[in-house]
Amino acid sequence: KMATDSADNVDLASKQDGQVVTPWEVEADADEGIDYDKLIVRFGSQRISPELIARMERLTGKKAHPWLRRGIFFSHRDFEKILDLYEAKKPFYLYTGRGPSSDALHMGHLIPFMFTKWLQDTFSVPLVIQITDDEKYLWKGDLEKGITLEKFYQLGRENTRDIIACGFDVNKTFIFSNLEYMGTMYPTVVKIQKAITYNQARGCFGFVAEDSIGKSAFPAVQAAPSFPAAFPHLFSDNEAQCLIPCAIDQDPYFRMTRDLAPRIGWKKPALLHSKFFPALTGSKTKMSASDTSTTIYVSDTPEQVKTKVNKYAFSGGQIDQESQKEKGADLDVDVAYQWMYFFCDDDATLQRLADEYGPGPVRAGNKMLTGEAKKLLIDTLQPIIARHQVARAAVTDEMVEAFMAVRKLNW
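The rules behind the values
- Residues numbered from 1 in each chain as written.
- Predicted model: local features only at pLDDT ≥ 70, side-chain atom pairs only at ≥ 80, totals over all residues.
- Heavy atoms only, no water.
- Pairing = 2+ DSSP bridges.
- Helix = DSSP H or I, 4+ residues; strand = E, 2+ residues; numbered from the N terminus.
- Polar contact = N/O pair within 3.5 Å; in protein donor to acceptor, adjacent residues only side chain to side chain.
- Contact = heavy atoms within 4.5 Å.
- Phe/Tyr/Trp six-rings, centres within 6.5 Å; stacked < 30°, edge-to-face > 60°.
- Buried < 20%, exposed > 50% of the residue type's maximum accessible area, 1.4 Å probe, protein only.
- Lys NZ or Arg CZ within 6 Å of the ring centre and 35° of its normal.
- Axes fitted to C-alpha atoms, helices over the stretch in contact; angles between N-to-C directions.
- Parallel < 35°, antiparallel > 145°, perpendicular 65-115°, else oblique.
- Left-handed = near helix turned anticlockwise from the far one by under 90°.
- Nonpolar A, V, L, I, M, F, W, Y, C, P; charged D, E, K, R; others polar.
- Expected span 1.5 Å × (residues − 1).
- Bend = angle between axes of the 7 residues up to and from the residue.
- Salt bridge = Lys/Arg side-chain N within 4 Å of Asp/Glu carboxyl O.

Novice: Help me out: how do you make sense of the sheet that holds strand E4 (residues 73–77) in this one?
Specialist: Two orientations exist for strands paired in a sheet by backbone hydrogen bonds: parallel and antiparallel. One open sheet holds the seven strands; their spatial order is E3-E4-E9-E8-E5-E6-E7, and the pairing between them is mixed. Two strands close off the open sheet at either side, each with one partner strand: strand E3 (46–47) and strand E7 (173–177). As paired elements, strand E6 (residues 127–131) and E7 share five bridges and run parallel to each other. In the strand pairing of E7, Val 128 is matched with Phe 174.

Here's what the structure looks like:
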């Protein structure tokens, strides 16, 4: 089935099928969390097929990332066209972003960046990363509480250190703050603004009459980097197509962008969508940066990681040890297993956890207990976070300036 791009007469933002998914709110009534099959139908995207993954592996000569193999990146728009370009040795570039709402990133924030780094390494292509300091002020700024525009600009600079620490190639990566780069990008933004009606924006994003006009105008700013015209120092024409890896709550921006692209005479961006990283307390919502006790940050100490996992990670285990040993845990709601599914690279270890901890014949009557599963998760997270902290500590002011300098890239 073809993906749907139309932004006319849509309602993507209201609650449907017991779930709400917008760029600012993710909530599900069911314990298992978001029903992604229903979301694909509602958003009008396409499921990533085993054939598409096999074709990518064939063209790149590299094994697919575990998140593709495991269906964490599960939906797409036009990814096959990106593979066509790669096969024909024609240019494309990557675009992802970060809304700076906290000093440190949490584990969920790392997902698009770790995956984008893998894409950059695999395809050897340029990457632009938008820091939406303007967006966070429009949604969260409060002058009475001293939450100023300057604060979000500074958070963006701090977050840039965490992004650089993910290992991006400075010769192929441009990181920019909207507040700083808007002058260059503004002609592109204006062309996009002209092509979106208020009704379309309201249908895609659920804006209401009480919202500031800044919110209604912002989607054009997030859309702009989808087009090479926004980067005259990188692209001499409009030929390069854009590939955007993001969590699926960001899709309404790019459905709208794809709808308007042909009217401006530009190429539609392609997308790869990930599932949400569940909150420690359960899959009903995605992890939030503002809830400190139940969020694991990349700045947490090994002891904090251990305490948070043991204390807050929602267990799908049975009500007591005896029942757990007999029946095994419900892996659909168990957070330790869900997080291992994201962060345990080794397929065999993950399979063993599923077999021994979840229902089924393996270790029947003597199933793994929740404490053991949580220990496995702690032992997996601590080295990832420690490596990140070492890499972040090595990021100097000069490196931040280098990544954010308006310059030509080499690819």
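Novice: Is there a simple way to explain the side chain of Thr 173 in this structure?
Specialist: Within the secondary structure layout, Thr 173 lies in strand E7. Side-chain polar atoms of Thr 173 contact the backbone oxygen of Asp 169, separated by 2.7 Å. Apart from the residues within four sequence positions on either side, Thr 173 is in contact with Gln 120, Leu 127, Ile 129, Phe 168, Phe 403, Arg 407 and Leu 409.

Novice: For this particular structure, what's the right way to read the packing of aromatic side chains?
Specialist: For any pair of aromatic rings, the description rests on two quantities: the centre-to-centre distance and the angle between the ring planes. Applying the stated criterion across every chain yields a total of 28 aromatic pairs. Both rings, one in Tyr 93 and one in Phe 235, keep their centres 4.7 Å apart while their planes meet at 40 degrees; by these two values the pair is tilted. On the criterion of sequence distance, the pair formed by Tyr 93 in strand E5 (residues 92–98) and Phe 235 in the loop between helix H10 (213–223) and strand E8 (241–247) is long-range, its members being 142 residues apart. Assigned by exposure class, Tyr 93 and Phe 235 land together as buried. Where Trp 139 meets Phe 218, the ring centres are 6.1 Å apart and the plane angle is 75 degrees; that geometry is what we call edge-to-face. Of this pair, Trp 139 sits in helix H6 (residues 133–140) while Phe 218 is found in helix H10, placing the two residues 79 residues apart along the sequence. For Trp 139, a relative accessible area of 21% translates into the label partly exposed. Phe 218 gets classed as buried once you look at its relative accessible area, which sits at 2%. Members of the aromatic cluster, connected to one another through ring pairs, are Tyr 95, Trp 139, Phe 205, Phe 207, Phe 218, Tyr 253 and Phe 254. In this structure, Lys 275 is placed above the aromatic ring of Phe 74, and the distance from its NZ or CZ to the ring centre is 5.8 Å.

Novice: Help me understand the packing of H6 against helix H7 (residues 149–164), please; the structure alone is not making it clear to me.
Specialist: Describing two packed helices takes the angle between their axes plus the distance from one axis to the other. Contact geometry for H6 and H7: axes closest at 9 Å, N-to-C directions at 140 degrees. Our classification of the angle between H6 and H7 gives oblique. With respect to the hand of their crossing, H6 and H7 are arranged in right-handed fashion. From H6, Asp 133, Lys 136, Tyr 137 and Lys 140 reach across to H7, where they touch Leu 149, Phe 152 and Tyr 153. When its residues are assigned to classes, the contact of H6 with H7 shows four nonpolar, no polar and three charged.

Novice: Help me out: how do you make sense of helix H8 (residues 178–194) in this one?
Specialist: Taking 1.5 Å per residue, 17 residues should reach 24 Å; H8 reaches only 19 Å between its end C-alpha atoms and comes up short. Maximal helix bending in H8 amounts to about 70 degrees, located at Thr 184; proline Pro 187 follows within four positions. Those residues of H8 that fall on the buried side of the exposure criterion are Asn 178, Tyr 181, Met 185, Thr 188, Val 189 and Ile 192. Buried residues along H8 sit in contact with E6, H6, E7, H10 and helix H11 (251–264). Among the residues of H8, the N-terminal cap falls to Ser 177, whose side-chain oxygen and the backbone nitrogen of Leu 179 are separated by 3.2 Å.

Novice: Which parts of the structure should I look at to understand the environment of Gly 61?
Specialist: Within the secondary structure, Gly 61 is located in the loop between helix H2 (50–60) and helix H3 (66–69). Spatially, the C-alpha atom of Gly 61 lies 25 Å from that of Thr 349, the residues being 288 residues apart in sequence.

Novice: I would appreciate a short explanation of the pattern of salt bridges in the present structure.
Specialist: If the charged atoms of two oppositely charged side chains come close together, the side chains can form a pair. Enumeration according to the criterion identifies 30 salt bridges in this entry. Between Glu 372 and Arg 363 there is a salt bridge; the shortest N-O distance is 3.9 Å. On the accessibility criterion, Arg 363 (29% relative accessible area) is partly exposed. Residues participating in the shared-partner salt-bridge network are Asp 5, Arg 77, Asp 78, Lys 81, Asp 251, Arg 258 and Lys 268.

In short, the description is geometric, and any link to function would need to be established separately.
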